[in-house]
Amino acid sequence: MTIDKNKLIASFTKRFNHAPEAVSRAPGRVNLIGEHTDYNEGFVMPVTVDREVAMAGRLNGTALLRIHSIDFNQSVELPIDQLTPQKELDWSNYTAGVVKHLQKAGHTVKGMDLAFTGDVPRGAGLSSSAALELCSCVCIELLNGIELDPIERVKMCQQVENQYVGMNCGIMDQFISNMGDQTHCLVIDCRSLEFERIPLQLGDCEIVIADTRSPHKLTSSAYNERRSQCEEGVKLIGKALKRKISALRDVSVEEIQKLSAQLPEPIRSRCQHVVSENARVQLARELLKAGKLEEFGLLMNQSHISLRVDYEVSSVELDELAWTAWSMPGVLGSRMTGAGFGGCTVTLVRSSEVETLKSKLDERYYAPRALEPRVYRCMPSAGAIAEKI
Ligand code: GLA
């Protein structure tokens, strides 16, 4: 755990006047490649990071769900059998939504006291919300004697985000937060939900995350707009190819190129990104297994360009961080990661050059904006887990 368990337990005890029975944690994530492909039933390659959300909890013998955010120093108290999404104190929706969805699935959930804290930066595109959902879920399961199948848990937490929180995300973030581990990245087939663990053997290289510190204005509206443009693309391509296509996953790079004159903009560019990104993930998987990291890095750069030019989800800040990295010796590849419109870049760089990269990013990006640099070496951590104490 990166969060101090004893401090968490002490905060819980201070807030609720009794000690917790269980603690849990779940990590944030960074996506190495495969952006905006998950909701197109395609492929993604995320890895967990050593930043997490942690929760302490106990049954309280009442019909109330009491949730305390240690970081906001705010609490809510909700009737456990009549949960509805909160407009104010909306941080509580991630946890209350888990309870609601467990109930919907037929589980009995008793009144509980829960307190949580985290060090996944919020709004930075490192999936603090998925981490909160997963750490809530495993904690609530343990307290109530429920044990979901891991994939069912992932799917349920995605539904919480889609239906209770109201953000129509794909499945990648919840999947990696639950299924990730300390030594592998995952390649997830977001259609079948089959996945492969690939050892993250980076030799003399490492993964560095740089935060633009411009919180991703992941206005659900821009995200949803991209989703519907992809759906529109599926319809048009299906008509043009005269075969049934249920998602962009079913379209090949050759096909999208052949059809380019027939598809209106921006539908063509959106589809071009998704189809080419899926192909890049497939290739990246083989390159990583073969230890061909230079070529892997080039795919990361191509992914950034495609996200910027065709999918139009990059930002001035993301471009500046990625381009500065591209200009540096020892950098194999750099790209925006997550939904875009702000958030972080992910960079593959030789360990010997990490410090030089950091200073350059500071000089070119952070210092001129009077921002404290936020550049981290990424160490994968274990997936979601809860324990009795
Ligand atoms: C957000 C969503 C994910 C995925 C990425 C883009 O992180 O939560 O499901 O769509 O954006 O790849």
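Residues numbered from 1 in each chain as written. Predicted model: local features only at pLDDT ≥ 70, side-chain atom pairs only at ≥ 80, totals over all residues. Heavy atoms only, no water.

**Topic: helix α3 (residues 128–144)**
Next, step 1: The first and last C-alpha atoms of α3 sit 24 Å apart over 17 residues, in line with the 24 Å expected at 1.5 Å per residue.
Next, step 2: Burial runs high along α3: 15 of the 17 residues are buried. (Helix = DSSP H or I, 4+ residues; strand = E, 2+ residues; numbered from the N terminus. Expected span 1.5 Å × (residues − 1). Buried < 20%, exposed > 50% of the residue type's maximum accessible area, 1.4 Å probe, protein only.)

**Some details on the packing of helix α2 (residues 93–104) against α3**
Next, step 1: Viewed as axis vectors pointing N to C, α2 and α3 meet at an angle of 50°, and their least axial separation amounts to 9 Å. Considering their axes alone, α2 and α3 lie oblique with respect to each other. The crossing of α2 and α3 is right-handed. Between α2 and α3, the residues in contact are Tyr94, Thr95, Val98, Val99 and Leu102 and Ser129, Leu132, Glu133, Ser136, Cys137 and Ile140, respectively.
Next, step 2: Tallied by class, residues from the contact of α2 with α3 come to seven nonpolar, three polar and one charged. (Axes fitted to C-alpha atoms, helices over the stretch in contact; angles between N-to-C directions. Parallel < 35°, antiparallel > 145°, perpendicular 65-115°, else oblique. Left-handed = near helix turned anticlockwise from the far one by under 90°. Contact = heavy atoms within 4.5 Å. Nonpolar A, V, L, I, M, F, W, Y, C, P; charged D, E, K, R; others polar.)

**Remarks on the nonpolar core**
Where a protein is soluble and globular, its nonpolar side chains tend to be buried together.
Next, step 1: Ranked by internal contacts, the top residues of the largest apolar core, which has 68 residues, are Met45 and Leu65.
Next, step 2: For this core, the element with the highest residue contribution is α3, accounting for nine residues.
Next, step 3: When near neighbours in sequence (up to four residues on either side) are disregarded, leucine 65 contacts Val76, Glu77, Leu78, Ile80, Leu83, Ala96, Val99, Met112 and Leu114.
Next, step 4: Among the nonpolar cores identified, the runner-up in size contains 25 residues, and Ile237, Ile245, Val275 and Tyr311 belong to it. (Core = buried A, V, L, I, M, F, W, Y, C linked by side-chain atoms within 4.5 Å.)

**So, the site of the ligand**
Next, step 1: Around the ligand, a shell composed of Arg29, Glu35, His36, Asp38, Tyr39, Cys169, Gly170, Met172, Asp173, Tyr223, Gly338 and Ala339 is seen.
Next, step 2: Here an oxygen atom of the ligand and a side-chain polar atom of aspartate 173 are 2.6 Å apart.
Next, step 3: Calculation on the ligand without its partners gives an accessible area of 310 Å², and the protein chains cover 94% of this total.
Next, step 4: When the residues that make up the shell around the ligand are grouped by side-chain class, the tally is five nonpolar, three polar and four charged. (Near = heavy atom within 4 Å. Polar contact = N/O pair within 3.5 Å; in protein donor to acceptor, adjacent residues only side chain to side chain. Areas by Shrake-Rupley, 256 points an atom, 1.4 Å probe, with all protein chains shown as cover.)

**As for α2**
Next, step 1: If you check α2, its first and last C-alpha atoms are 15 Å apart, about what twelve residues at 1.5 Å a residue would give, namely 16 Å.
Next, step 2: Most of α2 is tucked away, with nine of its twelve residues classed as buried.
Next, step 3: When we look at burial in α2, the residues that qualify are Asn93, Tyr94, Thr95, Ala96, Gly97, Val98, Val99, His101 and Leu102.
Next, step 4: Contacts made by the buried residues of α2 are with β2 (43–59), β3 (64–69), β4 (74–79), β5 (112–118), α3 and α4 (150–165).
Next, step 5: Just beyond α2, the residue with positive phi is glycine 106, at close to 95°.

**A word on the pairing of strand β7 (residues 195–199)**
Next, step 1: Looking at chain direction, strand β6 (residues 184–189) and β7 are connected through five bridges and run antiparallel. By the bridge assignment, valine 187 is partnered in β7 with glutamate 196.
Next, step 2: Between β6 and β7, which follow one another and run antiparallel, lie five residues, and leucine 193 among them has a positive phi close to 65°. (Pairing = 2+ DSSP bridges.)

**What about unusual backbone geometry?**
Next, step 1: A cis geometry characterises the amide bond from glutamate 265 onward to proline 266, with omega recorded as 0°.
Next, step 2: Turning to its location among the elements, proline 266 is positioned in the loop between α7 (253–258) and α8 (267–289).
Next, step 3: Phi is positive for serine 127, which is not a glycine, with a value near 65°.

**Observations concerning the environment of serine 128**
Next, step 1: Residue placement: serine 128 occurs in helix α3.
Next, step 2: Residue serine 128 is classed as buried on the basis of its relative accessible area of 16%.
Next, step 3: Linking serine 128 and glutamate 225, residues 97 residues apart in sequence, is a C-alpha distance of 23 Å.
Next, step 4: When near neighbours in sequence (up to four residues on either side) are disregarded, serine 128 contacts Val53, Val120, Pro121, Arg122 and Gly123.

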